[in-house]
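Structure at a glance
Now for the letters of each chain:
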Amino acid sequence: MSKKINRKQELKKFKLGESQTTYENNYNPKLLEAFDNKNPKRIAWTTFVCTEFTSLCPKTGQPDFAKIFINYIADIKMIESKSLKMYLFSFRNHGDFHEDCIQKICTDIVELIQPKYIEVIGEFTPRGGIAIFPFASASNSEKKFQSLLDSRLMNYAPGKYSCDLNKVY
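Residues numbered from 1 in each chain as written. Predicted model: local features only at pLDDT ≥ 70, side-chain atom pairs only at ≥ 80, totals over all residues. Heavy atoms only, no water.

1. Details of unusual backbone geometry
Most peptide bonds take the trans form, and the phi angle of most residues other than glycine is negative. For glutamine 114, which is not glycine, the phi torsion reads 45 degrees and is therefore positive. By the element assignment, glutamine 114 lies in the loop between α3 (98–113) and β5 (117–127). (Helix = DSSP H or I, 4+ residues; strand = E, 2+ residues; numbered from the N terminus.)

Listed below in structure tokens is the structure:
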């Protein structure tokens, strides 16, 4: 019974389940929340797919649209999904180049959860006839995750580490 009480107390601190959601209008990494990984000795991939990411071009102020793929192997902390949604929404009025948005997302998540490995991929809708697919990644210092980082980085190609969106819808 005490385990259930602790679980309820743990879940109370998250935005998940709140009846009123307030969305930030400006980029805010403090929106990200984490919870304890209950299986930190296991190696398991988690993938988040955001099909409706938007940010602003820093030069023109025009909106940019993308699909964002976040693939990671957790260590002791994991990302709470509603906080991730709110965090990604906070880019809506943020003016930054595609590559900087993707690197910023990767860096913010690394600072929050210190994963064993993470990669963030952006598949931006073409504007002016050019599609941009930036890739950012990071790993802890363990040799196997450093090797994974090197391998995935050296073998990266657009679409290779994302997914067919038929699997999402």
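2. Remarks on the side chain of threonine 54
Assignment of secondary structure puts threonine 54 in strand β2 (residues 45–56). Relative accessible area serves as the criterion here: at 10%, threonine 54 is assigned to the buried category. Setting aside its immediate chain neighbours within four residues, threonine 54 contacts Asp64, Phe65, Phe91 and Arg92. (Buried < 20%, exposed > 50% of the residue type's maximum accessible area, 1.4 Å probe, protein only. Contact = heavy atoms within 4.5 Å.)

3. Section: the packing of helix α2 (residues 81–89) against α3
Packing of α2 against α3 leaves a shortest axis separation of 12 Å and a crossing angle of 145 degrees. In the packing of α2 onto α3, the handedness of the crossing is right-handed. Contacts between α2 and α3 involve Leu84, Tyr87 and Leu88 from the first element and Lys104, Ile105, Asp108 and Ile109 from the second. Among the residues making up the contact of α2 with α3, the classes are represented as five nonpolar, no polar and two charged. (Axes fitted to C-alpha atoms, helices over the stretch in contact; angles between N-to-C directions. Left-handed = near helix turned anticlockwise from the far one by under 90°. Nonpolar A, V, L, I, M, F, W, Y, C, P; charged D, E, K, R; others polar.)

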